[in-house]
Amino acid sequence: MMTPLMAYYRPSTVTEAVTTFRQLRQDGHHPAYWSGGTEILTRRRLHEIYPGAVVDIKGIPEVGQHAVHGRDMIFGAGISLWEIARADYWPLLTATADRVADHTSRVQITLGGNIASHLPYREAVLPWMLVDATAWVGTIKGIQTRPFCKLFDGRLVLADDEFLVALQVSRDVASFPYTSRKMTRRDWVNYPLVSISATKDVHTIHAAFSGYALEPFRDDAIDRVLSEEDLPYAVRAERAVAAIPRKAISDIHGSAAYRKFVTQYTLASIIEVLEGGQ
Amino acid sequence: MKSITGAYEGVFHINGQTRRMVVFPQDTLLSLLRGHAVSLSGAKPGCENGDCGACTVVLDGLPVKSCMKLAVESEDTAITTVEGLYDTEVPKQFLDKWAFQCGYCTSGFILVAYAMLLNTSRVNDAIITEWLRSNVCRCTGYQEIHEAVWAAANARGNGT
Amino acid sequence: MKVIGCSIPRKDARDKVTGRAKYNHDITVGGTLYAVPRLAEYAHAAIKNIRTVAALKVEGVRAVLTGQDTPFLVGEVLEDRPPLAHGRVLYWGEPVALVVADSEEKARLAASLIDIDYEPLPVVNSIDEALKPNAPLIHPDVDRYTILNHPVYPKSHTNIADHVHVRKGPTDPLWPQCDVVIESRSVLPQIDHMAMETRSATVEILPGGRVLVHSTTQAPFAVQKMLAHYFQLDQGQVVVMAPLVGGAFGGKAAVQLEILAYLASRAVGGQMVSVVNSREQDFAMSPVGTGLDAHFRLGARDDGKILAAEITYRLDIGAYTDSAPRIARAIAAQCTGPYAVDNVKCDVLCVYTNHTYTTAFRGFGHMPMTFAIERAIEKLADALKMDSLALRLMNAIRPGQSSPTKARLTASNVGDLPKALNAMAKLIEWNGGKVMKVGPHLIRVQGIASFWKTSSSPPDAVSGAVITMNKDGTVNLSIGAVECGPGTKTTAAQILAEKLQMPVDRVFVHLDVNTEVDPEHWKTVASLSTYMVGKAVEEACKDLIRQLKNLAAIALKCSPSDLAVAGEKVFLRDDPQVMVRFSDIAHGYRFPEGDTIGGQRIARGSFVIRHLNLLDEETGEGRPGPGWTVGVQGVLLEVNTETFDYRVVKAASVIDAGKVLNPQGAKSVVMGGMCQGLSYATRESVVYGSDGTFLNRQMRSYRTVRMGEQPEQYLVEFVETPQIDAPFGARPLGEHGVLAMPAAVANALSRALGIEANQPPFVPESLWALAGGEKA
Ligand SMILES: Cc1cc2nc3c(=O)[nH]c(=O)nc-3n(C[C@H](O)[C@H](O)[C@H](O)COP(=O)(O)OP(=O)(O)OC[C@H]3O[C@@H](n4cnc5c(N)ncnc54)[C@H](O)[C@@H]3O)c2cc1C
Ligand code: FES
Ligand code: FES
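Since we're looking at a predicted model, the values are computed, not measured.

Calculation rules
- Residues numbered from 1 in each chain as written.
- Chains lettered and ligands numbered in written order.
- Predicted model: local features only at pLDDT ≥ 70, side-chain atom pairs only at ≥ 80, totals over all residues.
- Heavy atoms only, no water.
- Helix = DSSP H or I, 4+ residues; strand = E, 2+ residues; numbered from the N terminus.
- Rg over C-alpha atoms; globule rule 2.2 N^0.38 Å.
- Buried < 20%, exposed > 50% of the residue type's maximum accessible area, 1.4 Å probe, protein only.
- Contact = heavy atoms within 4.5 Å.
- Areas by Shrake-Rupley, 256 points an atom, 1.4 Å probe, with all protein chains shown as cover.
- Domains from an automatic or database assignment.
- Buried area = accessible area lost by both parts, 1.4 Å probe.
- Salt bridge = Lys/Arg side-chain N within 4 Å of Asp/Glu carboxyl O.
- Polar contact = N/O pair within 3.5 Å; in protein donor to acceptor, adjacent residues only side chain to side chain.
- Pairing = 2+ DSSP bridges.

Below, the discussion takes up the overall build of chain C. Scanning chain C from terminus to terminus reveals 17 helices and 32 strands. Here chain C has a C-alpha radius of gyration of 27 Å; the compact-globule value for 776 residues is 28 Å, and the two agree. A total of 776 residues make up chain C; the buried ones form 67% of that total. Of the contacts formed within chain C by residues at least 6 apart in sequence, a portion of 78% connects residues at least 24 apart. Counting only carbon and sulfur atoms, one obtains 51% of the accessible surface of chain C, whose full area is about 25400 Å².

Another aspect to go through is the domain arrangement of chain C. Residues and elements named next belong to chain C. In terms of domain boundaries, chain C breaks down into domain 1 (13–17 + 461–608), domain 2 (31–123 + 196–247 + 252–284) and domain 3 (288–457 + 613–775). Centre-to-centre, using C-alpha coordinates, domain 1 lies 39 Å away from domain 3. Counting residues at the interface gives 17 residues for domain 1 and 18 residues for domain 3. Together, the buried faces of domain 1 and domain 3 total about 1400 Å²; carbon and sulfur atoms form 66% of this surface. Applying the counting criterion to the domain 1 and domain 3 interface returns 0 salt bridges. Put simply, domain 1 and domain 3 have 4 residue pairs in polar contact (both at pLDDT 80 or more) between them. Contributions of two or more residues to the side of domain 1 that touches domain 3 are made by α12 (488–500) and α13 (529–556).

So, on to the domain arrangement of chain A. All names here are of chain A. Segmentation of chain A into domains returns domain 1 (7–59), domain 2 (61–173) and domain 3 (177–274). Listed by partner, the interface residues are 18 residues for domain 1 and 22 residues for domain 2. Interface of domain 1 and domain 2: buried area, both sides summed, is about 1600 Å²; carbon and sulfur atoms make up 62% of it. Considering only the side of domain 1, the residues that lose the most area to domain 2 are V14, E39 and I57, jointly responsible for 32% of the buried surface there. Scanning the region where domain 1 abuts domain 2 turns up 3 salt bridges. A salt bridge links R25 to D161; its shortest N-O distance comes to 3.8 Å.

Moving on to the interface of chain A and chain C. On the chain C side, the residues contacting the 24 residues of chain A number 31 residues. For the pair chain A and chain C, the summed buried surface comes to about 2400 Å²; carbon and sulfur atoms form 56% of the total. The tally of links from chain A across to chain C stands at 3 salt bridges. With its nearest N and O atoms 2.8 Å apart, the salt bridge here joins R45 of chain A to E280 of chain C. The interface formed by chain A and chain C includes 8 residue pairs in polar contact (both at pLDDT 80 or more).

The next point concerns the sheet that holds strand β4 (residues 88–89) of chain C. In a beta sheet, neighbouring strands are held together by backbone hydrogen bonds and run either parallel or antiparallel to one another. Residue and element names in this part refer to chain C. Strand order in the open sheet formed by 3 strands is β4-β2-β6, with antiparallel pairing between adjacent strands. Of all strands in the sheet, those bounded by a partner on one side alone are β4 and β6 (115–120). Taken together, the 6 bridges between strand β2 (residues 45–51) and β6 define a ladder with antiparallel strand orientation. In the strand pairing of β6, A45 is matched with P120.

A word on the pattern of salt bridges. Residues and elements named next belong to chain C. Applying the stated rule across the entire model yields 75 salt bridges over all chains. Residue R314 pairs with D128 through a salt bridge whose shortest N-O separation is 3.1 Å. Within this pair, whereas R314 is found in strand β15 (residues 306–318), its partner D128 is found in helix α4 (residues 127–131), the two being separated by 186 residues in sequence. Residue R314 is classed as buried on the basis of its relative accessible area, which comes to 17%. R392 is the salt-bridge partner of E374, the closest N and O atoms lying 2.7 Å from each other. One end of the pair, E374, is in helix α9 (residues 366–384); the other, R392, is in helix α10 (residues 388–395), and 18 residues separate them in sequence. Just as E374 is buried, R392 falls in that class too. Beyond isolated ion pairs, a larger network of salt bridges with shared partners links E374, E378, D382, R392 and R751.

Put into structure tokens, the structure is as follows:
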């Protein structure tokens, strides 16, 4: 059950959203942008947050867009992970998003909400860390575009009153070889011990990781080791794990040592899949 | 802009009926359905945290955990609860296949199965598993539920 | 007409699949107040100060209670638990204060605003820590607590709440005669019942003195007695209503929320107050299932005959005893498993820790117990280089032998384990547990384990049944057993229909329980309902048949002994056309002249278990239950030797059901139990942090089996060796599907990987660690 008082606003333009948000903030209501709402509701019932108002961005047309436009694909931040998998414009994003939470929850969880999540996982961000994507950001001046890599550094870096409107990427990425693996303690539906999305362009394997450390990451050094084609898969995998610049976490899902073990055999099989054709 | 800062009279379409009801912005769809005005207690609270699926209802043809949805967000959508599936195939098969014991999880499973059949012209084991593992049952062995869903799929021809 | 042995659809089926069946919190009354507890955020701490000012300021708050307002202790056996913590908190999640408010939201908000100063104390975070010399004492006054229900033997100045002894056989033990001796230790974590419906209770205290209680309880009559006892009421004043229960598994036999709801209602002038557990509360605050640390020493001749057993079971009962002393006695009474052992020394200890307190759990201690036994048996088979099924067969307990507490076993009171073992060998095509290679890193391996169980109810447990007839000849049945899921009410109706030879759909059974109108049934636990309720229903049927015949004899001008009853008629045995219908005599018989004799047919039956006794303090000698159900379970696992991931390909059960009353019903309750048992084996445990925090108190982190993770194939078979004093010979069955599954999984994994898998749950990480982990 919930604590009382949480006003609800559903603007229909970006500026209306930001203006409303600013006004609520100024009036001391501690507002939050509301997308799927799953995280806000779960944190609120545990009294971790007390948003006095939410600004639902799903009524804004740009937030709900989901289309292939010329050379690009555009994914609105308010699109559900279920819808992403249904339309399947970008197979790597489908594969990754389709393992977040459970099927019914994915009808509600949105791309933007997952990427902006306070939890350490944010699995739907992994494919975006491997490509040159453009982010549409909702600001007081309307929509601005920024390179996604400037916006995401383990977590989404936005001004308090800004929000993610959409992500845009070239259609070319949809044809890269890819694979995505989510490894859990035991269950199909669970937070990841490690979740890895990987692609291969010409000679380089790119991999992004969630669950392994306190936030999602990728690293050139890891990609270099993974791509050393003359070495056996297992050796590359072992070296790649050694090259991970983050500390593996230990928690109820698994110990740091076990996370490394799992990451290693998973990487070996990812390389095998990505190079399998050769 | 829709802005709701207190008691609000909304229009809800539940099981084919349109109702005007007063809700508060923080009310979940689950509490709206189970509250005195509607009294559709087929949707059950099992965790109110999105984890168990006992509260699942179908909104515009898709399954949704009603504990994770605000009532005000569900205005202008077609809401189907287990009570709305009275005398239909899925509950009938749950009965035939003994796919329940305590029955507390049952409406959630039935609604997910119903939504799956709406959205999938031809189901297979993998699809059934993927849709239904959103829910938890503590009494059955799951096989009974799996069989009931298969039987419901076959009853409508399963894509043939 | 045949009703018994048929898959009669359940009486609650249609309501349940249409969402119309009502559970405790489905019907709410406008104006009900809500009480929300504030839980301890320390596992062991002194409460220095509680400031309730901010909570009281929340609009709509009516009262805030703390331990000072509840200066008494409660308990099922030993009174050691304050309803709200007194001075110290003893587990993470213990209720410390209770807020009563107009709505649940407001009560929750206010509860979160209570400000509590704690002084942390050293945390006893395991059985070993609790038993260390100089361990912090969780209950320094343990020897001064009141004992409500004997026996229990707390040890002063220790964390031992109870100690049960079993001594059987020669005083100079048979160890020297043993060719092979093995030792084995198994450690099982606490686990949660996690019924899908969380616990809730509503209490209203009426000015006239009646106390109305609505609860998710499995034990409405225990709630009634407890409330009467602690609040100085006549039992008749307390009316407990238990509607359909959304899963229980023993967890709803404990009385906790009812007491809180009573206190809350009393604090607001008796208004109706509900306490509804959030899932987090249901995990951490309400009791869980006991953990176990068991040590076995088994000795055998080299032909496999087991000669001696020395066993210690140490139970992690958490911070309070609740039903733990009774669980300890149940374990003691069955301590060797279903094997004949002449020389037994067994000690069962209930150990206090700063963990959530524990209560009955599907199998009443027998699941962890069976795990420890069956791991030891397996190790013995290895040491003897013997097929483990053959070893079990050789030692299987049989009529003529005696139980560890020297209860005599007869062809009626104990099931046929050898038969079940042989049936299992066929069912899973037993290959001796050999490892079969099926792929580059894939192997398949079987594991089996046996179990036995009796009820361990108190010797004075009662059950009753009342039948009333409607004018049209249909009958109503009223019993005190709660419907928690296994179909108890349907079974009772079936027994009635068979006895009266009438269609079961003309039998209407009261699906809810109300202590004011339904006859008492001790508790809906221990899988005993079919036996106890069934006996009471049989008695009531006899009574009804007698009444029907007496009246019909007048109508038909014959003697009652000339008559028979079937098909809703009473008729002459030798000329069935001479008859009266039930509808002619249900509400008295009306002569053609119009005058009427006899009134409504109202029949009753009541039953008390006979010949049970409490176990002797020194030797454990005593008869713990009316009969023993035996069974064997097995699995076929596919294990990846590289990743340590595995799946359950087949899961099998053969249980001696005595008589299968409802084949589909029996199969589903066993399958459900198997799935639950596999869930414990493969993933479940309560996880405590190093400071005793209950870490996985959400379903997001306390994981259970979901669709797709159940075995690919369930194989369920029954053998039928009737228990002759039971209704139609049926043995208890409700809990048993769960009992040996974890052991069977462990036995298979141990063979598959050449490890000793003695500490569930078995997630790939634990197997990886056992196989050498990082160092491998
Ligand atoms: C049952 C269940 C299982 C889960 N399992 C997983 C899992 O396996 N892996 C995983 O990664 N996650 C998992 N999650 C957590 C999940 O990541 C979050 O609950 C979800 O991603 C939040 O998405 P939402 O659309 O509901 O966001 P919301 O709750 O609407 O928002 C989440 C946060 O992001 C902010 N926000 C929302 N949209 C935007 C935007 N466009 N721009 C800026 N900020 C924004 C909000 O203000 C809020 O702080 C699970 C959740 C549930 C309920
Ligand atoms: S109550 Fe909604 S998912 Fe559990
Ligand atoms: S039938 Fe009880 S939880 Fe599924």
